[in-house]
Every structure is written in C-alpha cells, then in structure tokens.
Amino acid sequence: MSYQTSANCFSADGPLASYIEGFAVRAGQQDMALAIEQAIDNNSQLICEAGTGTGKTFAYLVPALLSSSQVVISTGTKTLQDQLFHKDIPLVKSALNSQADVALLKGRANYLCWYRFELHRKSYEFSQVSSQAQLQSLADWATTTPTGDLSEVLQAEALTSVWPAITSTNENCVGQECADYQRCFVVKARRAAQEADLIIINHHLFFADAVIRREGFGELLPEAGAHIFDEAHQLPELASLFFSQSVGHLQLMELARDCQNEAVEAAKEFVDLRRLTEQLMQQSNDLLFALGEEQRRPWQQLSQQHGVTKGVESVRLTLQELSQLLTEASKHHTNFSPYLQRANSLLNRLQATTGQAEEDTVQWVEIRRRSYGLNATPLSVGRQFQELLETKGGAWVFTSATLSVNGGFDHFTDGMGLRTAVCERWESPFDYSAQALLYLPKDLPPPNSHSYTKSMMTAILPLLKASHGRAFLLFTSYKALKESAKLLRAETDYTLFIQGEMPKSQILADFRTCDNAVLLGTNSFWEGVDVKGEALSCVIIDKLPFASPSDPVLQARLEAMSQQGQNGFMQIQIPQAVIMLKQGVGRLIRDEGDHGVMVICDPRLTHKSYGKIFLRSLPPMPVTHDINAAQLFFSDDPR
Ligand code: SF4
C-alpha cells in the first residue's frame, strides 16, 4: 500500500495514527509536512520554525521517506543522528510500509582506521595508555563489526586518549594508496550513503564535505535532491567555524609523530626527518609557551610580541624544510606523499592565519592549556553558504524550534544568505498560558555587579523551596555556577547535580529519577536536553546569554558593521542572545502534561528597551514580578 502525500499520512485515519499508539493529529505538524513536501517537489528553500511539541521530526521524516529524490537529513549532534536512525526512522518506515534504503553516515573520526590502528598498536605511547587485553578486544571487535563505528564499543570511552591514533583525519588518511582500502570502514560507510535513498548525517559532516569540495579533495556526500537541516539555529556558528582556515599545535605535533612512525617502518635512512620532526615539536611547544595564558585574542595584538612572531617564523621555516625533505622522500617512498600534502597544507594555513590578512577576514588565536589554534575566520558566511547551495542545487529545508527573533527571520536569512527562502512558523501546541508562568524577580543589582550571583540566589531560594527543588539553574558562566552551587550546598538539602562533576548523560539520567533535585549547568544544558514530567518544574536563568564581547571574531564583526553604519548590537548580539534564551526557556515545557515556572533573573529584561525583543520572542506565558504569585503556582502540589 502506498500513500501519495504527507497530508494523508498525518490524517486521523492515516498510517501514522493507525500504527503509532497515542498518535494525535496536530494541524501544525500536518501543515509543516506539507510545506516540506512542496519545497522538495519545487526544489525551493524553506525555513520553518516549529515550537516545542509540534512534532517536527515526523513532519520532515515523512516527506523525506516519500520523496522520489535522494534526501540528506542533517542533525545537530551524533546522539540525535543515532536517535533518528535507530528509533524514529524504523517507526515511521514501518508505519508507512516504506522500503526506502536509509544510511547513517558520520565523520571519519567515528570509524576505526585499520591503517592507523596497525601503525600505532605496537608503539610505546599506545602501550602506556592501553592494556594488551583492551587492544585485543578492540581488534576482535574490528574483525566482526559491519560498521566500524566506535560508538558500538563500550570500552571506546576508556580509549579516548588513543582515539586519534586509531581513527583518521582528512590529512592523515592515505586514501587509495592505503593497503586497507578495500576493508576501510570509512569507505564502506560512504559507499552505502551514495546508494541510499535517505542519508542521516550531522552538521559537522555537511560542512566538512563542503570544505573538501572547495579545496578540490573530492567529496563525502552524494549530490542529493534535497537537504533538510534539523536544529538549524546552529548553522551560522558552524558555518563560521568550517569556513575558517586553521592550523594548530595538535596538527603540527600529529604530523611530526606520524612522519616519525612512517620513517621507522619505511625509511630508516632519513635521519634528517627525525631531526626536523623533533625540531617542529619543540618549536610548536615553544610557541605555545610564548602565547601565554588561556584566552582568545586577535592575531593583530599577538603579532606585536616578538616571542610570538619569532615562534611562528621558526615553525614556518621548519615546516618548509620538512616539505622539501618530504618531496625528496616521496620520490622513493610513496607512503610519504600524504605527509608532504599535509606539510604543504599546514604551511598554507600558517600563511592565511598569520600572514597578510585576506579582505573581510579576521585572524585570531585560541590559546588553551595544552594547545593553541591559529585561525582566519570570514566576517560573514552568507555569501559562501549561498554559493554552496547554488552549486549543489535541489531543495533546502531549515528547521528548528528557535529560528525567529521577535517574529522575524532576518537574522537567520541575512546571516546565511538565504534571501529567497520562504519562512514559516508553527507555534507550539502547548497551552503556555495555563501550563507556565514567567517570573521576573524585582530589585536585582546590575548583572555585572560583584554581588549579582549572591543577590540572584537569595531572590530565587524561596521559589526553589516552593518547587521542592525539581529545577534547572542555567548559567552563562562557570564562575557563577560554582558560586551558586556553594550557596545552595550551604542553604538547602536538595540533591545537586553539577555540570562537570559527572558525564552529562549520567547527570540527566539521575536527575530524572531523583526527587527534589537541582541541576546546575552552563552552555551544554541550555539546549538538546529533554526532561518531561514533574522532575523538572522550574527553570531559572541567571543572565541574558550575550556572547562574550571580548571574543575577537565578534569584535571584528561589530567593528565591520559599525564602519558600514550598521548597529551590530541589534543585528548580531541581540538575535544571538534571543535564540539562546529561547533554547533555555524551551527546557521547561516538554509535554502537554508539564507545568512549571520560568525564571529569568536578568534585570535588563525589564529595564532596557531591548528587553521587549526578548520577551516578545518567548512563548506567550503570563508574567509576574511577584514572588508570592510564583510560589502560589506550586501551591496545589501536595509535597
Ligand atoms: S583508507 Fe584512510 S581511513 Fe581507511 S583504513 Fe586507510 S588510512 Fe584509514
């Protein structure tokens, strides 16, 4: 039996209602599926915001499975990718009786690389961090797994320190010259994707493919007829990351180590290779030391420091010498060709990130405790993204629960160059006026004052008592999180789950089953976290989530806008913060049976004129400034 349209599938007597227990007809879901179906049929661009509870996953899966075109669906994370592939798609396929061939494709770093595993398994470093038993069980698994996806291996987490040595990167994969090419898991996964009707990828892989195409190194993904992006609000930042040029400490060290390992196997006579690679490692370490404390800084500032420029120049000269040596070596030993390409690519990137800056690009450095990254980031990604869409052709659908700001999509369409896209919104079907209350505490000091966190915690403690814990506290900084955790430990008996003290998945699993718990988290808990039911009845946000104004990329973008007579605060900072706030607020009501109080402590929401933009962008909840009214919300609770 076949079903002609998405609308049929979502009707009360359609296949989804017949097959899925508890399936409810939702007008928004039906309309959204129809709009996506039309976009695919017309090869057009569609941006759709679907409020929490619309059922957007099924709304795009059904037209994707019904389409006669090859469709790529891209999700925000690998976890969501796995959930789609292993849970949602089998269910919808069964309901639709679909025979579509579906492939799951991840980035190459998720698959065991036979070549590198064999190259490193006998190395000294490897033996220091993994036991022979672990390695043997990994080898046994590798000979039986059909996918080579390391997420299948329970002990993979224990092997994180050797993960780079058993997986591949674009730079270190030796490609068709590889002796293991025929049994390569990456090659197999890509072949399966080429032939599939529906391919499930993640945004990182989508952009990695775009970069490889741009640089003329081939392609990872097929030329599909349609692309659907879920969690599309993440795309501007990811596009910025992938359209950047970067070179870092880890890549330099890895090139040096890989050359050394290869030289042991293939060319013992190249003593100079050992000398140069040792020198490169030493110089990269020296540069890390010269760069100083952990931070992000514009290259323009750092390039004034003699130690830094001297360090970069030393690395550049050694890379040049290494490149010459590898040119000679690869004439006699083809195994060295990929290393030559890598050395040359790193040299080019060193030039892009520390040489004469290209127009409309900002050069900046990220300094971490054990590594650094030199970057050149475009000030705007819209043009490149639009060119990419035009080159690939077909239909493009972008969906998320958080794309609009104050009802408009300009921030997203301008940022991504999607000026001809049709924009649609479907409000959440939840009854926010009855299910939720927005509490905005009064009389808090300015959020940049020293006493802010303490005052904020004092203001919300009575509410936490009324809600009996069962709360998320979402912070914009780790410092505020730690200070609040200390205060809560002193003032309450609630079980506290604190980001960083356990893995995120463990924190969430325990929070769901624990009575009266309070979870304290920063960035990663603002989105993609789903806790239904009474365990989560209150979400408290400390400050409006503005990006750090000291970020060199943001600074350069604001400066460029100001030079063009535009207001970067209104056009960049506010929309970004609104989208993130909407994500945070979206944690509270996850189901039509959920009830709860949303608290946004930041006084700028009421005192600043731009506060209205935030408030108008949130679901339509009743608002109160009265703590008693907020406490009363929980008065029916018998606990
Ligand atoms: S082809 Fe590349 S990824 Fe595959 S086994 Fe060889 S080196 Fe590893």
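Note that the structure is a prediction, hence the values are computed from the model and not measured.

Reading the values: rules and limits
- Residue positions are given per chain, counting from 1 as you read along its sequence in written order.
- The predicted origin of the model limits local features to residues at a pLDDT of at least 70 and limits the giving and counting of side-chain atom pairs to 80 or more, whereas totals for whole chains, interfaces and linings rest on all residues.
- Calculated side-chain values reflect all of the structure's heavy atoms, with hydrogen atoms and water omitted.
- Secondary structure elements follow DSSP: runs of H or I no shorter than four residues count as helices, runs of E no shorter than two count as strands, and numbering proceeds from the N terminus.
- Relative accessibility under 20% of the residue-type maximum defines a buried residue, over 50% an exposed one, and the middle range a partly exposed one, all with a 1.4 Å probe and only protein chains included.
- The criterion used for residue contact is that any of the two residues' heavy atoms lie within 4.5 Å.
- The Shrake-Rupley method, run with a 1.4 Å probe, gives the accessible areas here. Residue values count only the displayed protein chains as cover.
- Counted as positive: Lys and Arg. Counted as negative: Asp and Glu. His and the chain ends are not counted at all.
- Working definition for charges: the position is that of NZ of Lys, CZ of Arg, CG of Asp or CD of Glu.
- For cavity detection a 1 Å grid was placed over the protein atoms alone, and a set of points counts as a cavity when a 1.4 Å probe fits there but cannot get out; an open set counts as a pocket when protein lies on both sides within 12 Å along at least five of seven lines, with lining residues being those that have an atom within 4 Å of a point.
- Grid points are joined across faces, edges and corners, and a volume is the space filled by probe spheres set on the points.
- One side-chain nitrogen of Lys or Arg within 4 Å of one carboxyl oxygen of Asp or Glu is enough to make a salt bridge.
- Polar contacts, as counted here, are pairs of nitrogen or oxygen atoms within 3.5 Å of one another; within protein the pair requires one atom able to donate a hydrogen and one able to accept it, and residues that are adjacent in sequence qualify only if both atoms are side-chain atoms.

Asks: A description of the overall build of the protein should follow, citing residues and the corresponding values.
Replies: A count of helices and strands for the protein gives 28 helices and 18 strands. Within the protein, the proportion of its 639 residues that are buried is 54%. Summarising the internal contacts of the protein: among those between residues at least 6 apart in sequence, 75% fall at separations of at least 24. For the protein, the accessible area works out to roughly 29,100 Å², and carbon and sulfur atoms hold 49% of it. Considering the protein, the positive charge centre built from 55 side chains and the negative charge centre built from 71 side chains are found 5 Å apart.

Asks: Residue-level account of empty space enclosed by the protein, with values.
Replies: Applying the stated criterion across every chain yields a total of 1 cavity of 30 Å³ or more. There is about 30 Å³ of room inside the largest cavity. Every residue lining the largest cavity is listed: Glu-171, Gln-251, Glu-254, Arg-342 and Leu-346. Among the secondary structure elements, those contributing two or more residues to the lining of the largest cavity are α13 (249-266) and α17 (337-354).

Asks: Outline the side chain of Asp-594, supporting the account with residue identities and numerical values.
Replies: Residue position: Asp-594 is located in the loop between α25 (568-585) and β17 (596-600). Here Asp-594 sits buried without a salt bridge, and the closest side chain of opposite charge, Arg-590, lies 6.3 Å off (N-O distance). One polar contact links the side chain of Asp-594 to the main-chain amide nitrogen of Gly-533, over a distance of 2.8 Å. Within the local environment of Asp-594, its side chain forms a polar contact with the backbone nitrogen of Arg-590, the two atoms lying 2.9 Å apart. What Asp-594 contacts, discounting residues up to four positions off in sequence, is Gln-435, Val-531, Lys-532, Gly-533, Leu-588 and Ile-589.

Asks: Mind laying out the environment of Thr-513, listing which residues take part and the relevant values?
Replies: Within the fold, Thr-513 resides in helix α23 (residues 504-513). Owing to a relative accessible area of 67%, Thr-513 belongs among the exposed residues under this scheme. Sequence separation between Thr-513 and Asp-197 is 316 residues, and the spatial gap between their C-alpha atoms is 40 Å. At 3.1 Å, the side chain of Thr-513 forms a polar contact with the backbone oxygen of Asp-510.

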